[in-house]
Amino acid sequence: MCIRDRQAGEQNEKIGDILHNIAFVESQLGNLDSSLKAYSESLKIRVQILGEEHEKTADSFYNIGWTLLQLKQYEQALEYLQRCRQIRMKVMNQDTEKMSDTFQYLGWAYYQLKMYELALQNFQEAQSIREKMFGFLHQKTVYVYQGVAQTFFMMQNYTNAKEFYMKILHAYKTVGLNDPILISKVEDSIIKCSNEEARQKKMQTA
């Protein structure tokens, strides 16, 4: 590659980075459509300059997937998040926060599409990484517990759902969370699980 071509490539990579940063700011401002457009433009540049199997390209796939998830375009979100996972599993260490984020949002995409077995698999992958990285009480770990609990509930596995809601409640109380509304919601979920457990047992013995 001649010096001029290399310089042009570096310049285009910088443009891709700038577009990626603009997209992030738009996302923070709640302008998801504008954010999606800028992320998509950044992705095109990164694929052209860096190729698909590059960490920056994976970041673009991830952020497009995340944005589509917020826009409730779940099938499209799933496609981008799956591609992100494929790339990240090739180019980076598996026990990283980025990998846990990928698994987490894949979990939510599958959950929204009612593909609960796959949702659970991805939430549990994220859970494993975050417990190693952050421990059992960290907010990011607890957020994954929420996904696991909700998925077990939708799968009518109320015993396991209750176990994870209790993990959430334990974490909130241990760190001294002062949010009675949030704690009350978790306690209500535990009661729901207990009621559904009792109903199931009653049906089995009837």
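In every chain, residue numbers begin from 1 and rise along the written sequence. Thresholds applied to this predicted model are a pLDDT of at least 70 for local features of residues and 80 or more for the giving and counting of side-chain atom pairs; totals over whole chains, interfaces and linings are not thresholded and use all residues. To get the side-chain values, all heavy atoms of the structure are used, and hydrogens and water are removed first.

Describing the overall build of the protein
To keep things clear, this is the line we draw: Only DSSP runs of H or I covering at least 4 residues are called helices, and only runs of E covering at least 2 are called strands; the numbering of each starts at the N terminus. Three exposure classes are used, based on accessible area relative to the maximum for each residue type with a 1.4 Å probe and protein chains only: buried under 20%, partly exposed in between, and exposed over 50%.
Summing up its helical and strand segments, the protein has nine helices and zero strands in all. Along the chain direction, N to C, the helices and strands of the protein fall in the order α-α-α-α-α-α-α-α-α. If one aligns the C-alpha atoms of the protein with their principal axes, the spans along those axes are about 80 × 35 × 30 Å. Per-residue burial for the protein yields a buried fraction of 41% across its 206 residues.

Looking at a nonpolar patch on the surface
So the rule is basically this: Patch construction takes residues with relative accessible area above 30% that form no salt bridge. Like charges are linked within 9 Å, and nonpolar side chains (Val, Leu, Ile, Met, Phe, Trp, Tyr) are linked within 5 Å. In these tables, accessible area is a Shrake-Rupley quantity obtained with a 1.4 Å probe, and a residue counts as shielded only by the protein chains included in the view. Basic side-chain nitrogens of Lys or Arg form a salt bridge, by our definition, when they fall within 4 Å of a carboxyl oxygen of Asp or Glu.
A surface patch of nonpolar side chains, amounting to about 340 Å² of accessible area, comprises Phe136, Leu137, Val175 and Leu177. You can see phenylalanine 136 is positioned in the loop between α6 (116–134) and α7 (139–154). For phenylalanine 136, a relative accessible area of 51% corresponds to the exposed category.

What about helix α4 (residues 74–91)?
Rule in force here: Multiplying one less than the number of residues by 1.5 Å gives the expected span of a helix. We call two residues in contact whenever any of their non-hydrogen atoms come within 4.5 Å of each other.
Taking 1.5 Å of rise per residue, 18 residues should cover 26 Å, and α4 covers 26 Å from first to last C-alpha, within 8% of that figure. Among the residues of α4, Tyr74, Ala77, Leu78, Leu81, Arg83, Cys84, Ile87 and Arg88 are the ones counted as buried. Where α4 is buried, its residues contact α3 (55–70) and α5 (97–112).

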